[in-house]
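Results of the structural survey
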Amino acid sequence: MLRVGSKAACMACRNLVSTHMGVRYPVPLQKLHPLSRAIHHRYLGNTNPQRSPHRTAARYFTSMSRLPMRPPKPSPGSGGRSYQQQRNFWVARLAARLLKLRYLLLGTAVGGGYTAKKTYEEWKELLPDFSEYNWVIPDFIWELSEQIDLDKLAKALPEMEEIAKLLPDLDKIGENFTFLKSLLSSGVSLGSEVKGAGLHLLLETSGDPPLKATDSSAAATQDASDKQYKKSSDKEKIDQLQEELLRTQLKYQRMLERLEKENKELRKVVLQKDDKGIHQRKVKKSLIDLYSEVLDILSDYDANYNTQDHLPRVVVVGDQSAGKTSVLEMIAQARIFPRGSGEMMTRSPVKVTLSEGPHHVALFKDSGREFDLTKEEDLAALRHEIELRMRKSVKEGQTVSSETISLSVKGPGIQRMVLVDLPGVISTVTAGMASDTKETIFSISKAYMQNPNAIILCIQDGSVDAERSIVTDLVSQMDPQGKRTIFVLTKVDLAEKNLASPSRIQQIVEGKLFPMKALGYFAVVTGKGSSGESIDSIKDYEEDFFQNSRLLRDGMLKAHQVTTKNLSLAVSDCFWKMVRESVEQQADVFKASRFNLETEWKNNYPRLRELDRNELFEKAKNEILDEVISLSQVTPQHWEAILQKKLWERVSTHVIENIYLPAAQTMDSGTFNTTVDIKLKQWTDKQLPHKALEVAWETLQEEFARFMAEYKGKDQDDIFDKLKEAVKDESIKRHKWNERAMDSLRVIQHNALEDRSITDKPQWDAAIQFMEETLQSRLKDTESVIRDMVGPDWKQRWLNWKNRTPDQHIRNETKNELERLLKLHDDHTAYLANDEVTTVRKNLEGRGVEVDPALIKDTWHQLYRRHFLQKALSHCNLCKRGFYYYQRHFVDSELECNDVVLFWRIQRMLVITANTLRQQLTNTEVRRLEKNVKEVLDDFGEDMEKKTQLITGRRVQLAEDLKKVREIQEKLEAFIEALHKEK
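Attention in this report is confined to the structure presented alongside it. Because the structure is predicted, anything quoted here is derived from the model rather than measured.

Put simply, helix α22 (residues 613-629) and helix α26 (residues 721-734) touch, their axes get as near as 11 Å, and they point 50° apart. The angle between α22 and α26 places the two elements in the oblique class. The two elements α22 and α26 meet at a crossing, and its hand is right-handed. Contact with α22, carried on its side by Phe617, Ala620, Glu623, Ile624 and Glu627, involves Leu723, Lys724 and Val727 of α26 and no other residues of that element. Counted by class, the contact of α22 with α26 contains 5 nonpolar, no polar and 3 charged residues.

Throughout the structure, instances matching the rule amount to 1 disulfide. A sulfur-sulfur separation of 2.0 Å characterises the disulfide bridge that pairs cysteine 879 with cysteine 897. Classification of the bridge connecting cysteine 879 and cysteine 897 rests on its S-S torsion, roughly -100°, and on that basis the disulfide is left-handed. On the criterion of sequence distance, the pair formed by cysteine 879 in helix α32 (residues 853-879) and cysteine 897 in the loop between α33 (883-887) and α34 (898-942) is long-range, its members being 18 residues apart. Cysteine 876 carries a free sulfur, and the closest cysteine sulfur to it, the one in cysteine 879, is 6.6 Å from it.

Of all hydrophobic cores here, the largest spans 98 residues; its most connected members are Tyr660, Trp683, Leu700, Trp764, Ile906 and Val933. Tallying contributions element by element places α34 first for this core, with 17 residues. Excluding its chain neighbours within four sequence positions, the residues that come into contact with tryptophan 683 are Val651, His654, Val655, Ile659, Leu688, Pro689, Ile906 and Met909. In terms of nonpolar packing, the next biggest core, distinct from the first, is built from 59 residues, Val327, Ile336, Phe575 and Ile968 among them.

This part is about the environment of valine 492. For valine 492, the position within the fold is in helix α17 (residues 492-498). We classify valine 492 as buried; its relative accessible area is 0%. Separated by 50 residues in sequence, valine 492 and glutamate 542 have C-alpha atoms that sit 9.6 Å apart. Not counting the four nearest positions on each side in its chain, valine 492 is found in contact with Ala523, Val524, Val525, Phe545 and Leu551.

As a further point, take α26. Between its first and last C-alpha atoms α26 spans 20 Å; for 14 residues at 1.5 Å apiece the expected length is 20 Å, and the two agree. Where α26 is concerned, the buried positions are Leu723, Lys724, Ala726, Val727, Lys728, Ser731 and Ile732.

Position of serine 393 relative to the elements: it lies in helix α14 (residues 376-393). Those residues in contact with serine 393, other than ones at most four positions away along the chain, are Ser348, Ser401 and Glu403.

Summed over all chains, the structure comprises 15 aromatic pairs. Considering the side-chain rings of tryptophan 764 and phenylalanine 883, the 5.7 Å spacing of their centres and the 55° angle between planes classify their relative orientation as tilted. On the criterion of sequence distance, the pair formed by tryptophan 764 in helix α28 (residues 761-790) and phenylalanine 883 in helix α33 is long-range, its members being 119 residues apart. Of the two residues, tryptophan 764 and phenylalanine 883, neither departs from the other in class, the shared state being buried. Each ring, one from phenylalanine 770 and one from phenylalanine 903, has its centre 5.8 Å from the other, and the planes form 70°; the classification is edge-to-face. Taken as a pair, phenylalanine 770 in helix α28 and phenylalanine 903 in helix α34 lie far apart in primary sequence, 133 residues in all. Taking relative accessible area as the criterion, phenylalanine 770 reaches 11% and is therefore assigned buried.

Conventions and cut-offs
- As a convention, each chain's residues are numbered from 1 in the sequence order in which they are written.
- With the structure being a predicted model, the display of local features is reserved for residues of pLDDT at least 70 and the display and counting of side-chain atom pairs for 80 or more, all residues being used for whole-chain, interface and lining totals.
- By convention in this description, side-chain values take in all heavy atoms of the structure and omit both hydrogens and water.
- Only the stretch in contact is used when fitting a helix axis, every axis being a line fitted to C-alpha atoms; angles between N-to-C directions are given from 0 to 180 degrees.
- Secondary structure counts use DSSP, requiring at least four H or I residues in a row for a helix and at least two E residues in a row for a strand, with both numbered from the N terminus.
- Oblique is the label for every angle not falling under 35 degrees (roughly parallel), over 145 degrees (roughly antiparallel), or within 65 to 115 degrees (roughly perpendicular).
- Left-handed describes a crossing whose near helix is turned anticlockwise from the far helix through less than a right angle; right-handed describes the clockwise counterpart.
- Contacts are assigned to residue pairs with any non-hydrogen atoms lying within 4.5 Å of each other.
- Charged means Asp, Glu, Lys or Arg here, nonpolar means Ala, Val, Leu, Ile, Met, Phe, Trp, Tyr, Cys or Pro, and polar covers whatever is left, Gly included.
- The definition used for a disulfide is geometric: two cysteine sulfur atoms within 2.5 Å.
- For our purposes a nonpolar core is just a set of buried Ala, Val, Leu, Ile, Met, Phe, Trp, Tyr and Cys residues, chained together by side-chain atoms within 4.5 Å.
- Remark: exposure states derive from per-residue accessible area (1.4 Å probe, protein chains only) relative to the maximum for the residue type, with buried under 20%, exposed over 50%, and partly exposed in between.
- A helix is expected to reach a length of 1.5 Å times the quantity of its residues less one.
- Each pair of aromatic rings taken from Phe, Tyr and Trp, with Trp reduced to its six-membered ring, is defined by centres within 6.5 Å and is described as stacked if the planes are under 30 degrees apart, edge-to-face if over 60, and tilted in the remaining cases.

Following this line, the structure appears as structure tokens:
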């Protein structure tokens, strides 16, 4: 048995041989030790995964037996037997020297150097293009590089001849291998196990004892003992080699991770570099940010996800609690989503734009706040904000929403892509959910997955029975051929622990268990199920699990199918491949849409500017504010005239019915004045100030509405009518009159009503005119009531062919009887006595009219009211010449004009109240109303849904579509240009 002297070379060859003996390792071949990879490429060259590594090794040694070799010449004078023994001895010695690992190490130096160079080139291609960051490197670096004398540096390096001396003699190695071929063909056997597992046993043997070949029987005995030893320890050796291989792979995996970490730090330093004047230069937006902006505009353009939008997205779908949010967090490298135990947490689609940056931060599309994902308090605030936005997007009575929340996550080493996390698919609607929750989730998922360029990331819980999966059927409907689906099996650790048959996992990741098809299948572990786990601890747990898992060791899973890191790389590659294949086609689609919309606008609205909803709202806002300002330009006379008229209309009934008539019907001057003073005091304390403020507020509303209506002119657009009406109503609803003005108004009105001194004749005449107008109006109303009671008179009956009803006939007979009573008693009081009611009733019954006493009193009230008003008007005419007696306090029973003084007091109170209210309106309330209008307009401006309801029409929608399509097209063209530059 030959032995090997170099331990490092032994480890490298062991990696190689173990790899081709069927051992699975958790890293790609390109990440093996350069020596192992060089031996693989140089000698074995097994690139076909379907070919057996055993056959490859056997074919290698078989081919060596056919090499032509020249045996050494025997020494002269030696016999045949001695020559044979000497030949066997030298052959064995030469074979031992040829197979020593130091020769193998020297032989592979050339191949190793070539492979190292190739690996360097491959790593160099994987590094990003730092040409964009040349401006970050200070100028003195470039100056220093220019000062370096490259010729001197080249002369300082050793000559190629000296380097060649270090390399082995390739011709000599070839001759040695030729001689080894002759040795093998001459009958010196190295064991039949060379064709199987003997190579790694040969390399594993340590030491270098000399071979003693005294005779052929001794060699045969040694060969037989070696065979027996190899047979007994073969399995044990293979197990040891597999464990050694895994440890070696882990070591190099750690080295690669360290290099990647250093690479991230280097990128971070480059991006953070801010030397003199560098911070003033504008940094261009990244490629993924440009693409994300396009998707955001599309989301605003069509909330229903128009099928015209075929731009790629990575759509993350899965059953509820399948772990899709955890997978997304692992890709984003932060716990950014709210978590719950078994309850639905994802209530609306969340679009996450992942990109590389110097700091690990997250921010929303419509917010300037950056959340530092390295701080736990910022992570908690981010999760809380996402939960609030989700609940806000859900309408009342619903459980999920189709409104998209847009979020960007940047950090070192994050793969660039756009993912959309959708609500988990459910099979049953539970208590507290809307009845249509299941159908709504299905419709949202289908809307995103039916995009032919959407990449479907199908998440399946590996810890539950596959038969319980719902999402796989949904995905197979949307993508029957599996051309854009990536299947991810989560919770593999629980699956391996709980499943009786681990081969079931192999069936799943090979696509043999589910009816759906996929581009690739991945198995991941997203932690132990605790919400407090960090991303780093989850990564460590995932790596440890797969390194120790028999799923990977037994070949049920392949190295490239495991870990979230490999998944994110595969998804990112697929995403960008889809983007490059489809983005230009989508740009052409929006270009055609823009042409169609512009043609429609030119045909329908040739003389109007293309104002979208926001621009129209700003225009309407300015018009409304101009109309509010016009209120302050109303003249004081106009305000006071309107206020005085409206206030009298509001209080006239109370003044006549509750103050004047009860006092005047007493027929006594002292009683009249006393009654008037008492009733005016009660009225002023309780009702009058409230009535005055109500009148003022209504007047302000009416004037505001009148100005908004009269503002319409040639340039007025009726598209603003609904908005103006809503602003007016909401502003008036929010406006609260200053209640403190009521107390001062009460004092002013009380003082005005207490004054009884009419100073001049014009005031007296104005009071009489005001009294006449009021009494005539009341008399006219009373006569109208009486006509309605008794029906048409004889003229109307003959000319208009109208007849009285039975009730009107009774009323008419009662009226005639009561009029006779008034003629007999012209100074009758306002009330009928009981005996008078009985008399009237009997008289009517004598004429065959049955009448109720209440009807008699009711008819009397109207008749006496007319009679009294007629007498009051007559007395008013007499008082026109009574100012002289009033001024000199003469007492004349016919010219006691106390009622004129009452109406003067009322009139003066109206004038003073109108003046006070006008001052309050112009100085305070108009400004407060203007402020309310501004607040309402600001609130409406922030509420897009409100603007959509109030500013409607085809013209508005067409302008909106034109703006969005143009913006989309411009963003797409900028993105395509940047994409071509990156290529």
